[in-house]
Structures are given as structure tokens and as C-alpha cells.
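Structural description and commentary
Each chain is listed here by its residues.
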Amino acid sequence: MKLKKILGITGVAIASVALLAACSSKSSKEASKSSSGKETINFATVGTTAPFSYEENGELTGYDVEVAKAVFKDSDKYEVKFQKTKWESVFTGLDAAKYQMAGNNISYSEERAQKYLYSYPIGVTPAVLTVPKDSDIKEYDDIAGHSTQVVQGTTTATQLTEFNEKHSDNPVELNYTEESITQMLTNVNEGKYDFKIFDAPTVNAIIKNNKLNNLKTIELESDEQPNIYFLFADNQEDLQKFVNKRLEELLKDGTLAKLAEKFLGNQNYIPAEDALKVPGNN
């Protein structure tokens, strides 16, 4: 009788584990429900990269955050919940279905497009080369042999790795870090590193707000429009369609222009109507 009872308990336990596993599998593919009955969209962002994502009075704000708030405003189906995390954790969180969506000055790359879904562009962020005012770097090719800081997994890190492959005789010294862009620009201002490549809205805001008066910027030409996007986990096609439709509406009613003026310093940093398409899809 005792053995039979133990086996019975074990069977129940196994069944319970199987049920939990099934529930876990289901929850990894679907957003959870909030108390209002809406699907909770866990939105990952770093929260330290003004003007796109930062904290003010204990609350997350910035261009990407406020655009996302406008997208989900008055939605009958979705409720957005912002989650602050490290840059690399944005992607591992999307992989693990911890987050359904992300936004943090995210550009397009073929590698990301193979794993995630992209939204229509939400903004335009031309890149600049930031150097000390007395630097001998006058244009992009002059960075050979100089030093900079990069964050693992960013477009800039990839770009400079490719640069070094072409300039193996005089490569850029890449110093990987988890420091914020504000600290990295401060390091260039103090002469600890020679340059930093980043987007113009962010650099201009940081130089102004932190009085980094030793720095200047050099515009970089690009063959492609330097757009930024929201990202979705690869099973979020319905969410992608909803967000893209709302982005069309926000562009037409002037909301994107107002937010770009407020956070990016220029209402022209918004996509053109004919650019509203998912990157990689022609």
C-alpha cells in the first residue's frame, strides 16, 4: 500500500510538471494578460541613452519610450509595460520571450533581421564622428590607428570590426565597455580615447547638457537612410501589424514630429511617408 501510494504521488507530480511545462511553453509564445484583460506587452529599453530612453523623476521617458506610449494609447487589446535592462539583455530577453518588444535607438542589421521582426522606422538618426577639437581626425578614414570605446553587439562595434578587417595594418583600438554613451563621450572629452561614433541627436544633447566643450562633431555620409526602429520577438506578427498601423497614424497626425522636436531637437528627424516599410522588405 505504501509503495502504491508513493507511486500515485509521483504520478501526480509528473503530471503537474508536464502541465507546468505546457503552460510555460504557451506563455513563452503569448503575452500575459493584465488585470484589465488586455495583453501585457513587456517593452525592453536601456534607460540610460538620452534622448531615446532615460529616467526623469524616477520614470522612463525619451523619444522611443514616448513614441511607444503614443502607439499603445487607448488600445483595446494591448497594454505596454516598460522594462529597464542592459543593452545585451534586450536581445536575450527577446530570445527568451521575456520581452515582446524593444526600443532603444535600434538600427537595422541583417543579423538582427534573421532573429527578430522590425517595425516601420520611427525616426532618423544621422551618425556623427565625435572628436576633441584639436584632433588630427578630420574624416572617417582618419580613425585608423586611433582608439575608441564600443558596446558589444552594437552597429558601431560591427562597423568598426569591418573597418579593421580592411585596415589590418593600422586598426582602430576597440575597447569594449558597458559604460553609458555619456561616460564614453566624457572620456573622449578628457582625452582618454580618441573618438566616438554615435547618432547626432544623442551626441548633441550630451555635449550641451554636460558642457563637454572640448568636443566637436563631424558628419558622416551614409548610403542608407539611418533609421531607427522598434524590434519584436519573432512570433509577434500581430503586434507588429498593430504597431505599424499606429506609426502610420502618428506620422500623419503630427505626433512623431512633435516628439522628435521635443526629444531629438529637430522635427525633421522623422521618417518620410514613403519610407514606412519594414526594412529588408522591398
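In what follows, the structure referred to is the one given above.
This text gives an overview of the structure that appears in the document. (Residues numbered from 1 in each chain as written. Predicted model: local features only at pLDDT ≥ 70, side-chain atom pairs only at ≥ 80, totals over all residues. Heavy atoms only, no water.)

**Some thoughts on the environment of serine 107**
With respect to the helices, strands and loops of the structure, serine 107 is situated in the loop between β6 (101–106) and α4 (110–113). Residues serine 107 and asparagine 227, 120 residues apart in the sequence, show an inter-C-alpha distance of 6.2 Å. Not counting residues up to four positions away in its chain, the partners in contact with serine 107 are Arg112, Tyr118, Thr155, Asn227 and Tyr229. (Helix = DSSP H or I, 4+ residues; strand = E, 2+ residues; numbered from the N terminus. Contact = heavy atoms within 4.5 Å.)

**Considerations on the pairing of strand β9 (residues 127–132)**
Counting buried positions along β9 gives five out of six residues, so the element sits mostly inside the fold. Here β9 runs beside strand β12 (residues 196–199); their pairing, made up of four bridges, is antiparallel. Counted as the bridge partner of valine 128 is phenylalanine 198 from β12. Here β9 runs beside strand β13 (residues 215–219); their pairing, made up of five bridges, is antiparallel. The partner of valine 128 across the bridge, within β13, is glutamate 219. (Buried < 20%, exposed > 50% of the residue type's maximum accessible area, 1.4 Å probe, protein only. Pairing = 2+ DSSP bridges.)

**Considerations on helix α2 (residues 63–72)**
Most of α2 is tucked away: nine of the 10 residues are buried. Listed as buried for α2 are Tyr63, Asp64, Val65, Glu66, Val67, Ala68, Ala70, Val71 and Phe72. Aspartate 74 lies just past α2 and shows a positive phi near 65 degrees.

**A closer look at the pattern of salt bridges**
All chains considered together, the criterion is met by six salt bridges. For lysine 69, the salt bridge is made with glutamate 66, and the minimal N-O distance between the two is 3.2 Å. Taken together, the residues lysine 69 and glutamate 66, both in helix α2 and three residues apart, mark about one turn of the helix. Measuring nitrogen to oxygen at the nearest pair gives 3.3 Å for the salt bridge that ties lysine 192 to glutamate 190. (Salt bridge = Lys/Arg side-chain N within 4 Å of Asp/Glu carboxyl O.)

**Some thoughts on unusual backbone geometry**
Geometrically, the link from alanine 50 to proline 51 is a cis peptide bond, its omega value of 10 degrees lying close to zero. In this model, asparagine 57 sits at a positive phi of 55 degrees, which is unusual for a non-glycine residue. Among the secondary structure elements, asparagine 57 is positioned in the loop between β3 (53–56) and β4 (59–61). Here asparagine 57 falls in the exposed class, since its relative accessible area comes to 79%. Of note in this structure, asparagine 105 is not a glycine but carries a positive phi near 55 degrees. On the secondary structure map, asparagine 105 appears in strand β6.

**Structural notes on the packing of α2 against helix α8 (residues 237–252)**
One way to put it is that α2 packs onto α8 with a least axis distance of 9 Å and a crossing angle of 100 degrees. As far as their axial angle goes, α8 and α2 are roughly perpendicular. Contacts from Val67, Ala70, Val71 and Phe72 of α2 reach α8 at Leu239, Phe242, Val243, Arg246, Leu247 and Leu250. By residue class, the composition of the contact of α2 with α8 is nine nonpolar, no polar and one charged. (Axes fitted to C-alpha atoms, helices over the stretch in contact; angles between N-to-C directions. Parallel < 35°, antiparallel > 145°, perpendicular 65-115°, else oblique. Nonpolar A, V, L, I, M, F, W, Y, C, P; charged D, E, K, R; others polar.)

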